[in-house]
Amino acid sequence: MSGSNWDAFGPAADDDPREALPDRGQTTGQPTRDWDFLRGDDSGPTTEAMTAQLEEFLEVAKDAQSAVAAVTADAWGRVHLVHVTVNSAGVVISTEFDADALRRSSLASLATAVTEAAQAAAAAARTAVRSS
């Protein structure tokens, strides 16, 4: 036999499958491969146990997804004329302007302030998501 790729997945393509399993008369009761439970050796994990593990994993994944979805972050523009809030993906969900923003600033500098605040809030959201 030339060897296996990954024992858990069966013999390699060039293996003779008849060599992979012992004759029925030679069986010692010990599985010869990880997948022997398919032939009736029930010493491996049960369907119920695997289902329980999958359900537990899905519950943990659901909780993690909910926690990430709840993340928001916010930031002020450089001169505190603009306040931006973003969701966990960094998408702007709220923008607020200081009451005097248009009087104290040009449209170009106000646009720059919005961009800076949105970028800072998105960076804060990324950091919050990574740490959650």
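This text follows the structure it describes.
In this report, the structure presented in the accompanying data block is examined. The structure displayed is predicted, hence computed values, not measured ones.

## What about the overall build of the protein?
When you go through the protein residue by residue, the secondary structure sums to four helices and three strands. Taken from the N to the C terminus, the helices and strands of the protein come in the order α-α-β-β-β-α-α. The proportion of buried residues among the 132 residues of the protein is 19%. For the protein, the proportion of contacts with a sequence separation of at least 24, taken over those separated by at least 6, is 40%. Of the roughly 9,500 Å² that the protein leaves accessible, carbon and sulfur atoms contribute 55%.

## What to know about the nonpolar core
Counting residues in hydrophobic clusters, the biggest one holds 13 residues, and the most contacted among them are Leu-81, Val-82, Val-84, Val-86 and Leu-110. Tallying contributions element by element places helix H4 (residues 107–131) first for this core, with six residues. If we skip the residues at most four places from it in the chain, Val-86 touches Val-71, Thr-72, Ala-73, Val-91, Val-92, Ile-93, Ala-118, Ala-121, Ala-122 and Ala-125.

## Things to note about unusual backbone geometry
For His-80, which is not a glycine, the phi torsion comes out positive at approximately 55°. Considering the arrangement of structural elements, one finds His-80 in the loop between strand E1 (72–76) and strand E2 (82–87).

## Notes on the pattern of salt bridges
Within this structure, the stated rule accounts for three salt bridges. A salt bridge links Asp-98 to Arg-104, with the nearest nitrogen and oxygen atoms 3.5 Å apart.

## Some details on the pairing of strand E3 (residues 92–97)
Where E2 meets E3, five bridges bridge the pair, whose relative direction is antiparallel. Following the sheet pairing, Val-84 is matched in E3 by Thr-95. Taking the residues that link successive antiparallel strands as the turn, the E2-E3 hairpin has four residues, and the phi of Gly-90 there is positive, at about 85°.

## So, the sheet that holds E1
A sheet is described by the order of its strands in space; here three strands give the open sequence E1-E2-E3, paired in antiparallel fashion. In this open sheet, the two strands that pair with only one neighbour each are E1 and E3. In this sheet, adjacent strand axes meet at a mean angle of 15° when their direction is disregarded. Contacts from H4 reach E1, E2 and E3 within the one sheet, and its direction differs from that of E2 by about 35°.

## Observations concerning the pairing of E1
On E1, burial follows the alternation: Ala-73 and Ala-75 on one face are buried, whereas Thr-72, Asp-74 and Trp-76 on the facing-out side are not. Direction of pairing for E1 relative to E2: antiparallel, over a ladder of five bridges. The partner of Trp-76 across the bridge, within E2, is His-83.

## Comments concerning the environment of Ala-120
By the element assignment, Ala-120 lies in helix H4. C-alpha of Ala-120 to C-alpha of Val-86: the two residues are 34 residues apart in sequence and 9.7 Å apart in space.

Parameters and conventions
- Residues numbered from 1 in each chain as written.
- Predicted model: local features only at pLDDT ≥ 70, side-chain atom pairs only at ≥ 80, totals over all residues.
- Heavy atoms only, no water.
- Helix = DSSP H or I, 4+ residues; strand = E, 2+ residues; numbered from the N terminus.
- Buried < 20%, exposed > 50% of the residue type's maximum accessible area, 1.4 Å probe, protein only.
- Contact = heavy atoms within 4.5 Å.
- Areas by Shrake-Rupley, 256 points an atom, 1.4 Å probe, with all protein chains shown as cover.
- Core = buried A, V, L, I, M, F, W, Y, C linked by side-chain atoms within 4.5 Å.
- Salt bridge = Lys/Arg side-chain N within 4 Å of Asp/Glu carboxyl O.
- Pairing = 2+ DSSP bridges.
- Axes fitted to C-alpha atoms, helices over the stretch in contact; angles between N-to-C directions.

So far we have only geometry, and geometry alone does not tell us how the molecule works.
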